[in-house]
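# Observations on the three-dimensional arrangement
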Amino acid sequence: MATCWSKMNKSSSILKRSSLLGQSIPWQPIKMGAPLSARASSWWSGVEMGPPDPILGVSEAFKKDTNPLKMNLGVGAYRDDQGKPFVLPSVREAERIIAQKGLNKEYAPIGGEPEFGRLSANLAFGQGNEIVSSGRNVSVQTISGTGALRVGATYLAKWFPGNKTVYLPRPSWGNHTPIFKQSGMNVDGYRYYDPTTCGFDFNGAMEDISRIPEKSVIMLHACAHNPTGVDPKDEQWKEMSQLVKKRNLFAFFDMAYQGFASGDVDRDAFAVRQFLEDGHNICLSQSYAKNMGLYGERVGAFTVVCKDKEEAARVNSQIKILIRPMYSNPPVNGSRIVSEILTNTALNKQWLEDVKGMADRIITMRQELKDGLANEGSSKNWEHIVDQIGMFCFTGMTPEQVEKITTEFSVYMTKDGRISVAGISSSNVGYLAKAMHAVTK
Amino acid sequence: MSHFSAVGAAPPIEVYQLSRDCQADTHPQKINLGVGAYRTPEGKPWILPVVKKAEAQLAEDIDAETINHEYLPVLGLDSFTSAATAMLLGKGSPALKEERAFGIQALSGTGALRNGAEFLVQQLKKTVFYFSDPTWGNHGLVFKNAGFTDARTYRYWDKSTCGFNFEGLIEDLQNAPEGAVIILHACAHNPTGIDPSQEQWGKIADVMEEKKLFPFFDCAYQGFASGDLDQDAWAVRFFVERGFEMFCSQSFSKNFGLYNERAGNLTVVVKDKSLIENMKSQITLIVRAMYSNPPAHGSRIVDLVLKDEQLYTEWRGSIKIMSSRIIEMRHGLRERLEKLNTPGQWNHITEQIGMFSFTGLTPEMCQFLLKEKHVYLLKNGRISMCGVTPSNLDYLA
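From a predicted model like this one, the values you see are computed outputs, not experimental measurements. (Residues numbered from 1 in each chain as written. Chains lettered and ligands numbered in written order. Predicted model: local features only at pLDDT ≥ 70, side-chain atom pairs only at ≥ 80, totals over all residues. Heavy atoms only, no water.)

Before going further, it helps to examine the overall build of chain B. Helix and strand counts for chain B come out as 16 helices and 13 strands. Expected size for 397 residues packed as a compact globule is a radius of gyration near 21 Å; at 21 Å, chain B falls within 12% of this value. In terms of overall dimensions, chain B has C-alpha extents of about 60 × 60 × 55 Å along its principal axes. Among the 397 residues that make up chain B, the fraction classed as buried is 64%. Residue pairs at least 24 apart in sequence account for 74% of intrachain contacts in chain B once pairs closer than 6 positions are excluded. Here chain B displays about 14800 Å² of accessible surface, and carbon together with sulfur accounts for 51% of that area. (Helix = DSSP H or I, 4+ residues; strand = E, 2+ residues; numbered from the N terminus. Rg over C-alpha atoms; globule rule 2.2 N^0.38 Å. Buried < 20%, exposed > 50% of the residue type's maximum accessible area, 1.4 Å probe, protein only. Contact = heavy atoms within 4.5 Å. Areas by Shrake-Rupley, 256 points an atom, 1.4 Å probe, with all protein chains shown as cover.)

Structure follows, in structure tokens:
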């Protein structure tokens, strides 16, 4: 008589099972389910292929290219003049100091260490600012800038009493939209980039902002706008602040490049501080990915500026309730480095030099690219290359020109004509100028 | 007039409040039996020796510029996810041989649960999920925030026997709607410490197969429960052999002591490997919108240890130390309670497994322990055995 045991002996996969279990657990015959083929089809048959990530696609194509002169101007991560990833000296030193301390691996609080939050808020708002000293900020550690935006978007989706729509500048970082949408917010936009000037469409922005329904959320890039590199001038920020106030809009700042844009952390925080001065109780996402080169450690902070300490306590409690079901508590390796740097006077000084070094190199490459294009004999206006700031440059190249520069010169960039200036070095800036001139003349 | 005047104060999360209260308590004999983090016999946190060695190696690697702080891929460090998935399923698993299992690095166990739950809602339009009564305090909220709309429980703990309500569990699963997602604890059930026997797992699998329910395992204690990685993974591997498609969230917080580095993995087992690329592309979108890519440090440590024969052996030794100490404390507590002729049965203390013990104490008794005896435990009677040490064992009993 055939029993299910005899069936089991035939199948090789079952025999392997006993070796998996080792000797410690006695084998027990188990009722066999129906053969695989007779069962329902897979749960996943209806899962469609998601849209390819444009930036990752660029990197992958770049890797496959065998041209020795190839350039990757896609991903936004800083590279030194040899085209190599850069671990900041201040970060290295901080790591050594931390290793000596023998700190434990116990869970961090849900919102991270309070000191980290305080240091981050002080960095953004200025040492000695009134908000931190009166304790009316909620500042939590997050999974870098993305995590800060997600926590913020989730918080607003649940608690914002006004219109649950966020207005993004056009264009904005590609990931803003999915973050807000997946959090349950609606997404809309206001004019920002002027393709005719490759600059800031101030009038367009002001016009659109004045039409945003009251009590909506407006997203502002604090500095080094991604992807265009185009920032409003100080005077323009002041006018925008007044208009945002007049329209009773809630300002959500995304500051991913403090220090990295101009080389000066205070300069780069101008817009944020102006808005605070004008009385806006903003919220803010900060990233340490670029300015401390801590990309993969995922260090960031999310701040809500509240009316007073009492409100801050309530808001803090609600934010923790949103974080816990996301990831419980944050990773500390990166945040410990940040805290060490920001509290250690010598390291802080070193860091400010490191970040200025990165910013300066980028500013230099911008100048050399512009000069290179002039040397090639280009008749086009490339002023925007040096007017724009930060890691990215919106060259103004069309998709066709981008296609051409990639296939003919192995220069890789995103279809919108954006280049990561960090990917340019003194040894290849001439080649880039030549390539850009060739496809745009 | 602030935007947030209407924001109410959220109730403090019990397990964290407990820690805060215990910290503030100045009583010399206070005992913290709240949070589930391992403690040495001296009551101190323990950084595993292999973790120290791995971190030293990583520091050297940064100096040598063989690694840096660049972004990991969205789905994590490939070498880590492969090693983690293989550790769970067993290197010889048919799912691995047939290339129909993969791992996604996640923000520890919580993050893996969240990633998986989001995917089930967004891609499979799931609405119903079940968790055991009782379960880890965060399960419900993770799934609800991911978009599940219908939260249900299956019976698990029998108050009257301080034991397993297996019949109740089976009945509740029998009544579950087709396609419901069932959260199962792979081993060392939190908070009760009661795991189904192999035969019981067999029956659970039968019902789930018959009712077409989707298994989502939560494996936070592999190795930490019995001291043996394979033994603790038995239930998961059994379901794979039974042909189920499933998710399993893995945490390296306890078994590696990497609590604050958030090292975790979501293992996915499917029937049809041709669907994997599509699935990965969709999970990528979910991750991108939540945190873009995972933190490197914790995963690098685990990866280094799992790949190195010597470190791996040493690590297995450490797991044995941790699980043995807990088992020893269980025996110690039970002996003393029985010696003191404490009313009630106390065999469940040693029959349960893992970090936690469901004592069976009522909320009122727990309050008494807290207020009068400075013993901090959750009001559902859960104690963390890690907080028990040779020096406080007598006081506790």
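Anyway, onward from the coordinates.
Looking now at the sheet that holds strand β2 (residues 137-143) of chain A. All names here are of chain A. Taking strand neighbours across the sheet as the criterion, the seven strands line up as β2-β10-β9-β8-β7-β3-β4 in an open arrangement whose pairing is mixed. Lying at the two open borders of the sheet, with one neighbouring strand each, are β2 and β4 (186-191). Direction aside, neighbouring strands of the sheet carry axes that sit 25 degrees apart on average. Pairing of strand β7 (residues 217-221) with strand β8 (residues 250-255) involves five bridges; the strand directions are parallel. The residue bridging Val-217 from the neighbouring strand is Phe-250, located in β8. (Pairing = 2+ DSSP bridges. Axes fitted to C-alpha atoms, helices over the stretch in contact; angles between N-to-C directions.)

We now examine unusual backbone geometry. A cis geometry characterises the amide bond from A:Arg170 onward to A:Pro171, with omega recorded as 0 degrees. Among the secondary structure elements, A:Pro171 is positioned in the loop between β3 (165-170) and α8 (176-183). With an omega of 20 degrees, the peptide bond between A:Asn226 and A:Pro227 qualifies as cis. As for its placement among the helices and strands, A:Pro227 is situated in the loop between β7 and α10 (234-246). The phi dihedral of B:Ser292 is positive, around 70 degrees, even though this residue is not glycine.

With that settled, the discussion passes to the UniProt feature "domain: Aminotransferase class I/classII large" (unreviewed entry) in chain B. Sequence positions flagged by UniProt for "domain: Aminotransferase class I/classII large" (unreviewed entry) are, in local numbering, residues 29-397 of chain B. For residues 29-397 of chain B, the end-to-end C-alpha separation is 13 Å, with 45% helix and 15% strand making up the annotated structure. (UniProt positions renumbered as here; feature names shortened; annotations may be inferred.)

Before going further, it helps to spend a moment on the domain arrangement of chain B. Residues and elements named next belong to chain B. Each assigned domain of chain B is listed here: domain 1 (14-47 + 323-395) and domain 2 (78-307). At the interface, 18 residues of domain 1 touch 18 residues of domain 2. Taken together, both faces of the contact between domain 1 and domain 2 bury some 1400 Å²; the carbon and sulfur share is 68%. It is Ser-323, Ile-353 and Phe-358 that lose the most area in domain 1 upon contact with domain 2, and together they represent 39% of the buried surface on that side. Summed over the shared surface of domain 1 and domain 2, the result is zero salt bridges. Applying the counting criterion to the domain 1 and domain 2 interface returns four residue pairs in polar contact (both at pLDDT 80 or more). (Domains from an automatic or database assignment. Buried area = accessible area lost by both parts, 1.4 Å probe. Salt bridge = Lys/Arg side-chain N within 4 Å of Asp/Glu carboxyl O. Polar contact = N/O pair within 3.5 Å; in protein donor to acceptor, adjacent residues only side chain to side chain.)

Interface size, as often reported, equals the accessible area lost upon joining of the parts. Listed per partner, the contact involves 90 residues of chain A and 100 residues of chain B. Per-residue buried area on chain A facing chain B is highest for A:Trp43, A:Trp44 and A:Lys105; these three make up 12% of the total on that side. Taken together, the connections running from chain A to chain B amount to seven salt bridges. At the level of secondary structure, the elements contributing two or more residues to the side of chain A that touches chain B comprise α2 (12-21), α4 (89-101), α7 (144-159), α8, α13 (309-327) and α14 (332-343) of chain A. For the side of chain A that touches chain B, the element with the most residues is α13(A), which contributes 12 residues.

Looking now at the sheet that holds strand β3 (residues 128-133) of chain B. Residues and elements named next belong to chain B. Read from one edge of the open sheet, seven strands run β2-β10-β9-β8-β7-β3-β4, paired in mixed fashion. In this open sheet, the two strands that pair with only one neighbour each are β2 (101-107) and β4 (150-155). When the angles between neighbouring strand axes are averaged without regard to direction, this sheet yields 25 degrees. By the bridge criterion, six bridges tie β3 to β4 in an arrangement that is parallel. Bridging from a neighbouring strand, Asp-133 pairs with Arg-155 of β4. Packing of helix α3 (residues 78-89) onto the sheet brings it into contact with β2, β8 (214-219), β9 (246-251) and β10 (263-269), and relative to β10 it is tilted by some 65 degrees.

What follows concerns the pattern of salt bridges. With the rule as written, the count across this model stands at 40 salt bridges over all chains. One salt bridge in this structure joins A:Lys105 and B:Glu261, with 3.1 Å as the shortest N-O distance. Taken together, the residues A:Lys105 in the loop between α4 and α5 (114-125) and B:Glu261 in the loop between β9 and β10 connect one chain to another. Grouping residues by exposure puts A:Lys105 and B:Glu261 together as buried. Between A:Glu235 and A:Lys238 there is a salt bridge, and its shortest N-O distance comes to 3.6 Å. Placement of both A:Glu235 and A:Lys238 in helix α10 is noted, with a separation of three residues, approximately one turn of the helix. In this structure A:Glu235 comes out as exposed when scored by relative accessible area, which is 52%. Judged by its relative accessible area of 33%, A:Lys238 falls in the partly exposed class. Salt bridges sharing partners connect three or more residues here, namely A:Arg92, A:Glu93, A:Glu95, A:Arg96 and B:Asp63.

On to the confidence of the model for chain B. In this model, chain B carries a mean pLDDT of 93, and residues with pLDDT of at least 70 account for 100%. Overall fold confidence (pTM) sits at 0.92, and the ipTM for the predicted complex is 0.94. (pLDDT = per-residue confidence, 0-100.)

Turning our eyes to something else, we now look at helix α9 (residues 202-209) of chain A. Residue and element names in this part refer to chain A. Among the eight residues in α9, six count as buried, and that is most of the element. The complete set of buried residues in α9 reads Phe-202, Gly-204, Ala-205, Met-206, Asp-208 and Ile-209. Summarising the contacts, the buried residues of α9 are in contact with β4, β6 (199-200), β7 and α10.

Residues A:Trp44, A:Val304, A:Ile319 and B:Phe143 are the most contacted members of the largest nonpolar core, which totals 81 residues. Residue assignment places this core across two domains, with domain 1 (14-47 + 323-395) and domain 2 (78-307) of chain B each supplying three or more. Setting aside its immediate chain neighbours within four residues, B:Phe143 contacts B:Leu113, B:Ala117, B:Phe129, B:Phe148, B:Val181, B:Ile183 and B:Phe216. (Core = buried A, V, L, I, M, F, W, Y, C linked by side-chain atoms within 4.5 Å.)

Our focus in this paragraph is the pairing of β8(A). All names here are of chain A. Most of β8 sits out of view: six of its six residues are buried. Alternating positions in β8 separate into two faces, Phe-250, Phe-252 and Asp-254 on one and Ala-251, Phe-253 and Met-255 on the other, with burial throughout. One crossover worth recording links β7 to the parallel β8 by way of α10, and it is right-handed. With four bridges joining them, β8 and strand β9 (residues 283-287) adopt parallel strand pairing. For Met-255, the partnering residue across the bridge sits in β9 and is Gln-286. (Right-handed = clockwise from strand over helix to strand, strands pointing away.)

Here the focus is α5(A). Residues and elements named next belong to chain A. The end-to-end C-alpha separation of α5 is 16 Å, in line with the 16 Å expected for 12 residues at 1.5 Å each. Most of α5 is tucked away, with nine of its 12 residues classed as buried. Burial in α5 covers these residues: Phe-116, Gly-117, Leu-119, Ser-120, Ala-121, Asn-122, Leu-123, Ala-124 and Phe-125. Directly after α5, the chain includes Gly-126, whose backbone phi takes a positive value near 105 degrees. (Expected span 1.5 Å × (residues − 1).)

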